[in-house]
2 protein chains.
Amino acid sequence: MREGLGGESLLFLTDEQLRQGIEAMFFAYRGFTADPDRILSDLSYGRAHHRAVHFINRAPGTTVNNLLAILGVTKQSLNRVLRTLIEDGLVESRVGTEDRRERHLHLTDAGRALEARLSDAQRARMRAAYRDAGPEAVAGFKQVLEAMMDADMRRAYGKLREKG
Amino acid sequence: MREGLGGESLLFLTDEQLRQGIEAMFFAYRGFTADPDRILSDLSYGRAHHRAVHFINRAPGTTVNNLLAILGVTKQSLNRVLRTLIEDGLVESRVGTEDRRERHLHLTDAGRALEARLSDAQRARMRAAYRDAGPEAVAGFKQVLEAMMDADMRRAYGKLREKG
DNA sequence: CTTGGAGTGTCAACAAGGCTGACGTATTAT
DNA sequence: ATAATACGTCAGCCTTGTTGACACTCCAAG
């Protein structure tokens, strides 16, 4: 099996290398969420609100069930977040026309404004990291992350990429 | 500024590319924590316990303050986790010899066993992802993650790498 | 037209794991 | 002596996750 790779070095698969990757993920994820978290705490929102707003912006008109699957939480959990966002006028819930049981979610202008604010903060850090690392590193970064996802999340991710 | 990079393509810095990276981080982090989370929930432990055990294993004899800085939580939060780990005989807290105010943390045999179990699960996924992506991708992956960290976390990460 | 099931919303209760603030107690440093 | 440090702990609050139960609307199949 190792020989099947044509004798190339497999040193990048040592436990120590893997552990470094694990720790890198941990520390990097903290940085990844730090900037939006600061903005959110001023508004007494949390990460769950950010995630909802992000994916509603990404796929306007998405149904609650759809969002549930992407976010991987229970409807009760999502509903609590969604309710505050609707009350605060950031999200609009429209009864479906084809299937009137469904609620289609859209951002209001205020919602889009918040999304942009959060996105900008998060993208600024990503942009700096991407620029520091360069295009080849970025390609590798995405490749590893995609391989790390659960199969169903990889599918969801793929669908979102198509839309982009 | 763009010209300063020698005219190379900067398409990897578009907002759409950045957004894909953001979503990749989100989905990948879920996969990253999924396997240990399953093990932990059977033991009525959480991610916080995993993190503590991981870093105590990584830097045996570390002090509480040290761990606090690495984990980025309050001492009250850490203490709650640490207390259960000590009660359950997974972690040992030894009074410092030089400075007797300090408590030095060590894993017991049982603690090491749990750490290994969690590590193995997490590493298995990382190893699969690394192997799928290949060594060049892994190098890029780490480069981007490191660039994404806060400065102080990058320092902490560097220190841990030296030890490894 | 009735009935089952899907999609949704909501109530209640609970737990993990963050947070702040305050206080106590060794121990060390000044 | 006094101040600062390291740690533990109590109390209380928040977000965000969980289960379980129940009701409502609406679609589709019988």
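That block above? That's the structure.
First, a word on what this report is: a plain description of the structure on this page. (Residues numbered from 1 in each chain as written. Chains lettered and ligands numbered in written order. Predicted model: local features only at pLDDT ≥ 70, side-chain atom pairs only at ≥ 80, totals over all residues. Heavy atoms only, no water.)

Focus on the interface of chain B and chain A
Accessible area lost on assembly of the parts is the figure often given for the size of an interface. Stated formally: Contacts are assigned to residue pairs with any non-hydrogen atoms lying within 4.5 Å of each other. Reported buried area values correspond to the accessible surface (1.4 Å probe) lost by two parts on association, with both partners' losses combined. Here, a salt bridge means any Lys or Arg side-chain nitrogen found within 4 Å of an Asp or Glu carboxyl oxygen. For this analysis, a polar contact is any N or O atom pair within 3.5 Å, provided that within protein one partner can donate a hydrogen and the other can accept it, and provided that sequence-adjacent residues contribute only side-chain to side-chain pairs. Helix and strand assignments follow DSSP, with helices taken as H or I runs no shorter than four residues and strands as E runs no shorter than two, numbered in order from the N terminus. When residues are grouped by polarity, Ala, Val, Leu, Ile, Met, Phe, Trp, Tyr, Cys and Pro land in nonpolar, Asp, Glu, Lys and Arg in charged, and all others, Gly among them, in polar.
Counting residues at the interface gives 61 residues for chain B and 61 residues for chain A. Between chain B and chain A, the buried area comes to about 6500 Å², and carbon and sulfur atoms account for 70% of it. Interface area lost by chain B to chain A is led by B:Ile22, B:Phe27 and B:Met148, which between them contribute 11%. Counting the contacts that link chain B with chain A gives 10 salt bridges. The salt bridge partner of B:Arg58 is A:Glu23, with a shortest N-O separation of 2.6 Å. Linking chain B with chain A are 22 residue pairs in polar contact (both at pLDDT 80 or more). If you list the elements that add at least two residues to the side of chain B that touches chain A, you get α1 (15-42), α2 (47-58), α3 (64-71), α5 (109-133), α6 (135-148) and α7 (151-163) of chain B. Of the residues belonging to the side of chain B that touches chain A, the class tally is 33 nonpolar, 12 polar and 16 charged.

So, the protein's contact with DNA strand D
To keep it simple, the criterion reads: Only heavy atoms are used to decide nearness, and a residue is near a molecule or strand if one of them lies within 4 Å of it.
What surrounds DNA strand D is a group of 25 residues, the closest being A:Gly46, A:Arg47, A:Arg51, A:Arg80 and B:Lys75. Of all atoms in DNA strand D that approach within 4 Å of the protein, 61% are sugar or phosphate atoms. The separation between a phosphate oxygen of DNA strand D and a polar main-chain atom of B:Asn65 is 2.8 Å. Contacts to DNA strand D include B:Asn79, whose side-chain N or O atom sits 3.0 Å from a phosphate oxygen. Of the residues that constitute the surface near DNA strand D, the class distribution is 3 nonpolar, 10 polar and 12 charged.

A word on the packing of helix α2 (residues 47-58) of chain A against helix α3 (residues 64-71) of chain A
All names here are of chain A. Inclusion rule: Under this scheme, a helix contributes an axis fitted over its contacting stretch, all axes are lines through C-alpha atoms, and angles between N-to-C directions fall in the 0 to 180 degree range. In these notes the angle categories are as follows: under 35 degrees is roughly parallel, over 145 is roughly antiparallel, 65 to 115 is roughly perpendicular, and the rest is oblique. Take the far helix as the reference: if the near one is turned anticlockwise from it by less than a right angle, the crossing is left-handed, and if turned clockwise, right-handed.
Relative to each other, α2 and α3 sit at 120 degrees, their axes nearing to 11 Å. Accordingly, the angle class assigned to the pair α2 and α3 is oblique. Pair α2 / α3 crosses with right-handed handedness. Facing Arg51, Ala52, Phe55 and Ile56 of α2, the residues of α3 in contact are Leu67, Ile70 and Leu71. Within the contact of α2 with α3, the residues separate by chemical class into 6 nonpolar, no polar and 1 charged.

Focus on the protein's contact with DNA strand C
Near DNA strand C lie 25 residues; those nearest to it are B:Gly46, B:Arg51, B:Thr74, B:Gln76 and B:Arg80. Considering DNA strand C, the proportion of its atoms within 4 Å of the protein that are sugar or phosphate atoms stands at 60%. In the model, a base oxygen of DNA strand C is placed 2.9 Å from a nitrogen or oxygen of the A:Lys75 side chain. Contacts to DNA strand C include B:Gly46, whose backbone N or O atom sits 3.3 Å from a phosphate oxygen. Listed by contribution, the elements that provide at least two residues to the surface near DNA strand C are α3 and α4 (75-87) of chain A together with α2 and α4 (75-87) of chain B. Grouping the constituent residues of the surface near DNA strand C by class yields 3 nonpolar, 10 polar and 12 charged.

Focus: the relation of the copies chain B and chain A
Taken together, a rotation about one axis and a shift along it account for how the two chain copies relate. Short version of the rule: The copies were overlaid with a least-squares fit restricted to C-alpha atoms from residues scoring a pLDDT of at least 70 in each copy.
Aligned on chain A, chain B shows an RMSD of 0.0 Å; the corresponding rotation is 180 degrees and the shift along the axis is 0.0 Å. Here the copies are linked by what is in effect a two-fold axis. Residue B:Phe141 of chain B places its C-alpha closer to the rotation axis than any other residue of that unit, at 1.8 Å. When you check the interface residues of chain B against chain A, 100% turn up at the interface there too, and the contact is symmetric in its surfaces.

Points about the nonpolar core
Operational definition: Buried residues of nine kinds, namely Ala, Val, Leu, Ile, Met, Phe, Trp, Tyr and Cys, make up a nonpolar core once their side-chain atoms join them within 4.5 Å. Under the scheme applied here, a residue whose accessible area is under 20% of the maximum for its type counts as buried, over 50% as exposed, and between as partly exposed, the area being computed with a 1.4 Å probe on protein chains only.
Among the nonpolar cores identified, the biggest contains 96 residues, and A:Phe27, A:Phe141, A:Met148, B:Phe27, B:Phe141 and B:Met148 are the most heavily contacted of them. Each residue touching A:Met148, except ones within four places of it in the same chain, is listed here: A:Met25, B:Ala28, B:Gly31, B:Phe32, B:Arg125, B:Met126, B:Ala129 and B:Phe141.

Concerning the sheet that holds strand β2 (residues 91-95) of chain A
Spelled out, the test is: Whether two strands pair depends on DSSP finding at least two bridges between them.
Spatially, β1-β3-β2 (chain A) is the arrangement adopted by the 3 strands of the open sheet, whose pairing is antiparallel. Here the strands that pair on one side only, and so sit at the sheet edges, are β1 (62-63) and β2 of chain A.

Some words on a positive patch on the surface
Residue and element names in this part refer to chain A. Stated precisely, the cut-off is as follows: Here the term patch refers to residues with relative accessible area over 30% and no salt bridge, with like charges joined within 9 Å and nonpolar side chains (Val, Leu, Ile, Met, Phe, Trp, Tyr) within 5 Å. Methods summary: accessible areas were calculated by the Shrake-Rupley approach with a probe of 1.4 Å, and residue burial reflects only the protein chains presented. Counting rule for charge: Lys and Arg are taken as positive, Asp and Glu as negative, and neither His nor the chain ends is counted. For the purpose of locating charges, the reference atoms are NZ of Lys, CZ of Arg, CG of Asp and CD of Glu.
A grouping of Arg154, Arg155, Lys159 and Lys163 is seen on the molecular surface, where their side chains present a positively charged patch. Among the secondary structure elements, Arg155 is positioned in helix α7 (residues 151-163). Overall, Arg155 belongs to the exposed group, its relative accessible area being 57%.

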